[in-house]
Amino acid sequence: MNSTDFLMALLAIPSPTYQEKEKCDFISDWVNEHLPMLSMERTGNNLIISSQKTSLPTLAFVGHTDTVPEFFEPYKDGHLLHGAGASDMQGGLACMLSFIHNHLTALLEKYRVMIIIYDKEEGTPIEENGLFELIQEKKALLSDIDVAIVGEPTNNTVQLGCVGSLHYTLKVKGKAAHSARPWHGENALYKALPIIQYFSTLTPIKQQVFGVDFFDVMTITESSVTPGRTTVPDEWTANINYRFSPVHELDDAHAHVTKAVESCGVAHELTCLNAVNAGRVIDHPILTAIQPLVPIEAKQAWTDVAQLTELGICAFNFGPGRQDQAHMPNECIDTNDMNDYESMLNRMLLGG
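Reading the values: rules and limits
Residue numbering note: each chain is counted from 1, following its sequence as written. Under the rules for a predicted model, residues below a pLDDT of 70 receive no local features and side-chain atom pairs below 80 are neither given nor counted, while totals for whole chains, interfaces and linings still include all residues. As a rule here, side-chain values cover all heavy atoms of the structure and leave hydrogens and water aside. Grouping into patches uses exposed residues only, defined as over 30% relative accessible area, and leaves out salt-bridged ones; the cut-off is 9 Å for like charges and 5 Å for nonpolar side chains (Val, Leu, Ile, Met, Phe, Trp, Tyr). Using a 1.4 Å probe, accessible areas were evaluated by the Shrake-Rupley method; residue-level cover was limited to the displayed protein chains. For this document, the term salt bridge refers to a Lys or Arg side-chain nitrogen within 4 Å of an Asp or Glu carboxyl oxygen. Helix numbers and strand numbers start at the N terminus; a helix is a DSSP run of H or I with at least 4 residues, a strand a run of E with at least 2. Think of it in three bands: with a 1.4 Å probe and only protein chains considered, a residue is buried below 20% of the maximum accessible area for its type, exposed above 50%, and partly exposed in between. We call a set of buried residues a nonpolar core when its members are Ala, Val, Leu, Ile, Met, Phe, Trp, Tyr or Cys and they connect through side-chain atoms within 4.5 Å of each other. Geometry of aromatic contacts follows a simple scheme: Phe, Tyr and Trp rings, the Trp one being its six-membered ring, pair when their centres are within 6.5 Å, and the pair is stacked under 30 degrees between planes, edge-to-face over 60, tilted otherwise. The disulfide criterion used throughout: a pair of cysteine sulfur atoms within 2.5 Å. Under the convention used throughout, the expected extent of a helix is 1.5 Å for every residue step, that is, one less than its residue count. Note that the arc is computed from the directions linking the helix axis to the C-beta atoms. Every residue pair with non-hydrogen atoms within 4.5 Å of one another is taken to be in contact.

1. Section: a nonpolar patch on the surface
Taken together, L189, Y190, L193 and V225 make up a surface patch of nonpolar side chains, about 360 Å² in accessible area. Top contributing element to the nonpolar patch by residue count: helix α6 (residues 188-200), with three residues. Looking at where Y190 falls in the secondary structure, it is placed in helix α6. Here Y190 falls in the exposed class, since its relative accessible area comes to 57%.

2. Digging into the nonpolar core
With 56 residues, the main nonpolar core has F61, I149, F316, F318, M348 and L349 as its most contacted residues. In terms of residue count, the dominant contributor to this core is helix α3 (residues 86-110) (11 residues). Core analysis: the next-biggest nonpolar cluster, separate from the first, contains 21 residues, F244, A253, A260 and V261 among them.

3. Points about the pattern of salt bridges
On inspection of all chains with the given rule, the structure shows 11 salt bridges. With its nearest N and O atoms 2.8 Å apart, the salt bridge here joins K21 to D25. Note that K21 and D25 are positioned in helix α2 (residues 21-34) at a spacing of four residues, about one turn of the helix. One network of salt bridges, in which partners are shared, links K21, D25 and R42.

4. Quick look at the packing of aromatic side chains
Note on aromatic pairs: each is described by the distance of the centres and the angle between the planes. This model, assessed by the stated rule, comprises seven aromatic pairs. On the basis of an interplanar angle of 45° and a centroid distance of 4.6 Å, the ring pair of F318 and Y341 is categorised as tilted. Linking F318 in the loop between β17 (314-317) and β18 (332-334) with Y341 in helix α10 (residues 335-350), this pair joins segments that are 23 residues apart in sequence. Note on accessibility: F318 and Y341 belong to one class, buried. The rings of F6, F26 and W30 are connected pair by pair, giving a single aromatic cluster.

5. Section: the state of the cysteines
Applying the stated criterion to the full structure yields zero disulfides. Of all cysteine sulfurs in the structure, the one in C272 sits closest to C264, which takes part in no disulfide; the separation is 18 Å. Just so you know, C332 is unpaired, no disulfide at all, and the nearest cysteine sulfur is the one on C95, 14 Å from it.

6. Points about helix α7 (residues 250-262)
Helix length check: α7, at 13 residues, gives a terminal C-alpha distance of 19 Å against a target of 18 Å (1.5 Å per residue), a fit within 8%. Within the span of α7, buried status applies to A253, V257, A260 and V261. Relative to the axis of α7, the buried residues are bounded by an arc of 95° and lie together on one face. Away from the buried face of α7 by more than 90 degrees, exposed residues D251, K259 and E262 are located. The inward-facing, buried residues of α7 contact β9 (164-173), α6, β12 (212-225), β14 (235-244) and β15 (269-276).

Written out as structure tokens, the structure is:
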């Protein structure tokens with residue numbers, strides 16, 4: 001089976017977030033035709049495809065079907081294949097399914113194989129994420145997984161774990177006044193300057209886990225004041241984003257943000273918008289065995305690896321997509337990278 005042709009078929013089906021049904025139908029039909037020896041359970045637009053339970057370790061291939069860029073008809077340009085979600089992560093899906101199809105007999109001699117296909121990954125609240133839904137409904141089944149490969153774009157590098165993420169809304173109150181008579185008011189932006197100055201001096205803090213480097217970073221990502229060209233602003237509002245490595249627990253991360261803001265000595269309101277834990281690095285003999293075979297890095301972003309490691313599963317990110325192409329309006333993937341990816345899977349998992 002040719003993964004490039006399969007990817008072209010996937011890219012021809014629009015699947016923006018919340019509109020993944022047609023692509024899920026296509027993959028379901030394809031599995032029934034090409035992998036009839038595997039069983040399949042469908043929950044909404046999420047699929048769990050698996051071989052019979054055995055004493056062998058369970059190896060899962062995991063990927064989401066939704067895409068971010070506006071849909072456009074896929075096309076080839078030399079060795080580049082363009083399409084919405086080509087790198088993030090339709091290319092990963094195509095390669096994983098192609099690899100399983102072409103090597104299923106050999107895989108089943110070493111592993112119980114599982115494939116997890118899910119929707120609503122891109123930019124959704126965690127409670128709406130398709131993998132989250134599957135974990136709530138099929139937790140016992142998913143907990144059987146020993147090792148999971150999540151096909152996010154990683155430039156063909158194994159990326160361990162992932163950083164957690166907190167978003168806070170920070171407000172500093174002032175008092176409105178006419179800009180011609182500012183002494184009647186209190187400028188909220190000026191009051192917030194110690195906070196802005198403090199955050200501008202923060203530097204990344206390196207944390208080494210399993211021999212790879214994660215970085216704790218805290219940043220002001222949005223900033224605004226009450227609008228009005230002739231009015232002293234009575235409120236300054238910012239978004240604080242803290243990305244933290246797997247050495248921290250979620251409660252500790254919350255406490256870190258609170259302490260940092262309080263240290264500025266400015267009266268404020270701090271409200272947590274959303275929080276997701278970091279993905280731990282969990283060792284397993286399979287991971288140990290592949291370490292010398294492929295480049296290993298830390299995942300300096302959040303991915304659904306975090307949800308899997310919370311179940312005690314050794315999970316890592318590994319996909320053929322280009323990270324700098326994710327969410328681009330004319331997104332593409334290099335078909336040479338796809339070929340290399342399948343060869344690397346063969347070497348990692350089958351010793352080929």
